[in-house]
Structures are given as structure tokens and as C-alpha cells.
Amino acid sequence: MNLANKITLARIILVPVVMLFLLVKYDLGQFRIGQGVITVSEIIATLVFILAAVTDGLDGYIARKRKLVTNLGKFLDPLADKLLISAALISLVEMQRLDAWIAIVIISREFAVTGLRLVAAAEGNVIAASPLGKLKTIVQIIAIAALMLNNFPFSFIAFPFSQILIWLAVLITIWSGIDYFLKNRSVIHFSKSR
């Protein structure tokens, strides 16, 4: 359990903290912002979510820089990412800030690409994260944070920033998923022949 893996584990531990502040109704106060309301709990949840998301790059950087890459880290890191994004999306559906089909599309893509990576790993191949996959993650994180904050500060000017961004996240998510499968179709053909 090296430093990089501890950071990844901390990200997993922060997932229920995000959900707790989003879904449990604490009376910590609220602010009226433009056309909506944002609670102190939602602000805390968003800050914890962003902190957890930032640790994703940090643990990978530390693992590579200090040569701490382990099989446990290779397993935990993508798991932590998927848990964080999935939990946030499901919470937003529960809060009625996100349509369920959007969460299903994004989560389904994550499972599909993970499945592709597992098939490749079983054959001794590693499918690295693509630049498009990294862009997808960044856009998802910003869109989720904007939805958690109920479109703050754009609600002041009635600009639907969070909705535009979540639509962009869906498009990039689908596009990057197709890209992974097209670029790695040899993995699928190889496994079909067995």
C-alpha cells in the first residue's frame, strides 16, 4: 500500500461522503441564486467531489514519477473513477437534476470500455487511456460539478451552462467509447475466435 494507492483509496472513501452531503437533507443553510437555490450541503459535496476528482491525476503522477505502479493501483484507479462518476450521476438523478437516461448512457459506456480492457488484459494487452477519454473525464467532472451547484454562477444570468455541458459530456462519452472499440477491434475479433 504505497502513497499512490493510498490516494486512490482515499478517493474511494470520498464517494460516500459526496453522496451523503448530496442526498441527506442537512439544514446547514442555503442561498438563493438567480432562478434557483443552492444548499451549503451541495457546496460541500461539490468541493469534496472536485477534491476526489483531482486526486485521480495526482495518484497516477505519483505512481509514475516514483515508480510505484502496482497491480493493485491498476485495479483500484479505474474502479475509483467509475465509482465517483457513477455515484455522482445517480445522486443527481435522485435530486432530479439529471435525466436517468443520461446517467445510464455514461455509466454503460464506462462498463463497456472496462469490459474491453479486461478482455485485452486477459490476452496480455493494455489499453491505455486515450486523449479523447481524458477529455471525456474532464468534461464529465465539470458538468457534474455544475449540476451539483445547480448551475451556479450561471443561474444569475439564466444561462444553461450545466445543461449544455452535460449534453457535451454525453456526446464525448459516446464518441470516445466508439473510438476505443474501433481502435481496439482486433481484441474483440481475437477473443471471438477462441
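Residues numbered from 1 in each chain as written. Predicted model: local features only at pLDDT ≥ 70, side-chain atom pairs only at ≥ 80, totals over all residues. Heavy atoms only, no water.

Taking an unreviewed UniProt entry as the reference, the chain is identified by name as CDP-diacylglycerol--glycerol-3-phosphate 3-phosphatidyltransferase belonging to Kroppenstedtia eburnea. Recorded in UniProt for the chain, the comment headed Subcellular location (unreviewed entry) runs: "Cell membrane". Its UniProt record, at the heading Catalytic activity (unreviewed entry), says of the chain: "a CDP-1,2-diacyl-sn-glycerol + sn-glycerol 3-phosphate = a 1,2-diacyl-sn-glycero-3-phospho-(1'-sn-glycero-3'-phosphate) + CMP + H(+)". (UniProt positions renumbered as here; feature names shortened; annotations may be inferred.)

Caption draft 1: Spotlight on the overall build of the chain. Counting secondary structure elements, the chain contains seven helices and two strands. For 194 residues, the compact-globule estimate of 2.2 N^0.38 gives 16 Å, and the C-alpha radius of gyration of the chain, at 18 Å, lies within 12% of that figure. The dimensions of the chain, computed from C-alpha atoms along their principal axes, are 60 × 35 × 25 Å. Out of the 194 residues belonging to the chain, those deemed buried represent 42%. Contacts in the chain between residues at least 24 apart in sequence constitute 73% of all its contacts with a sequence separation of at least 6. A total accessible area of about 10900 Å² is found for the chain, and carbon and sulfur atoms account for 70% of it. When the 19 positive and 11 negative side-chain charges of the chain are each reduced to one mean point, those points stand 9 Å apart. (Helix = DSSP H or I, 4+ residues; strand = E, 2+ residues; numbered from the N terminus. Rg over C-alpha atoms; globule rule 2.2 N^0.38 Å. Buried < 20%, exposed > 50% of the residue type's maximum accessible area, 1.4 Å probe, protein only. Contact = heavy atoms within 4.5 Å. Areas by Shrake-Rupley, 256 points an atom, 1.4 Å probe, with all protein chains shown as cover. Lys, Arg positive; Asp, Glu negative; His and termini not counted. Charge placed at Lys NZ, Arg CZ, Asp CG, Glu CD.)

Caption draft 2: Focus on unusual backbone geometry. Between Phe152 and the following residue, Pro153, the backbone shows a cis peptide bond with an omega angle of 0°. Mapped onto the elements of the fold, Pro153 is located in the loop between α5 (131-148) and α6 (161-183). Phi angles above zero are rare outside glycine, and Gln96 is one such case at about 65°. Relative to the helices and strands, Gln96 is located in the loop between α3 (71-94) and α4 (100-122). Judged by its relative accessible area of 73%, Gln96 falls in the exposed class. The backbone of Ala158 shows a phi angle near 55°, a positive value even though the residue is not glycine. By the secondary structure assignment, Ala158 is in the loop between α5 and α6. A relative accessible area of 46% places Ala158 in the partly exposed class.

Caption draft 3: How the structure looks around the pairing of strand β2 (residues 36-39). Of the two faces of β2, only one is covered, namely that formed by Gly36 and Ile38; the face formed by Val37 and Thr39 stays uncovered. Across four bridges, the pairing between strand β1 (residues 30-33) and β2 is antiparallel. Paired with Gln30 across the strands is Thr39, a residue of β2. (Pairing = 2+ DSSP bridges.)

Caption draft 4: Structural view of the nonpolar core. Grouped together as the largest cluster of nonpolar side chains are 34 residues, with contacts concentrated most on Phe49, Leu89, Leu98, Ile144, Met148 and Ile166. Secondary-structure elements contributing two or more residues to this core are α1 (3-23), α2 (40-65), α3, α4, α5 and α6. A total of seven residues in this core trace back to one element, the largest contributor, which is α5. Ile166 has contacts with Leu98, Ile102, Ile106, Ala143 and Leu147, leaving out every residue within four places of it along the chain. Core analysis: the next-biggest nonpolar cluster, separate from the first, contains six residues, Val113, Leu116, Ile127 and Val187 among them. (Core = buried A, V, L, I, M, F, W, Y, C linked by side-chain atoms within 4.5 Å.)

Caption draft 5: Looking closely at the side chain of Asn2. The topology assignment puts Asn2 in the segment before α1. The class of Asn2 is buried, set by a relative accessible area of 15%. Among residues more than four places away in sequence, those in contact with Asn2 are Leu68 and Thr70.

Caption draft 6: Inspection of the UniProt feature "transmembrane region" (unreviewed entry) in the chain at higher detail. In this numbering, the UniProt entry assigns the feature "transmembrane region" (unreviewed entry) to residues 7-24, 36-58, 138-158 and 164-182. Counting secondary structure, residues 7-24 comes out at 94% helix and 0% strand; the distance between its end C-alpha atoms is 26 Å.

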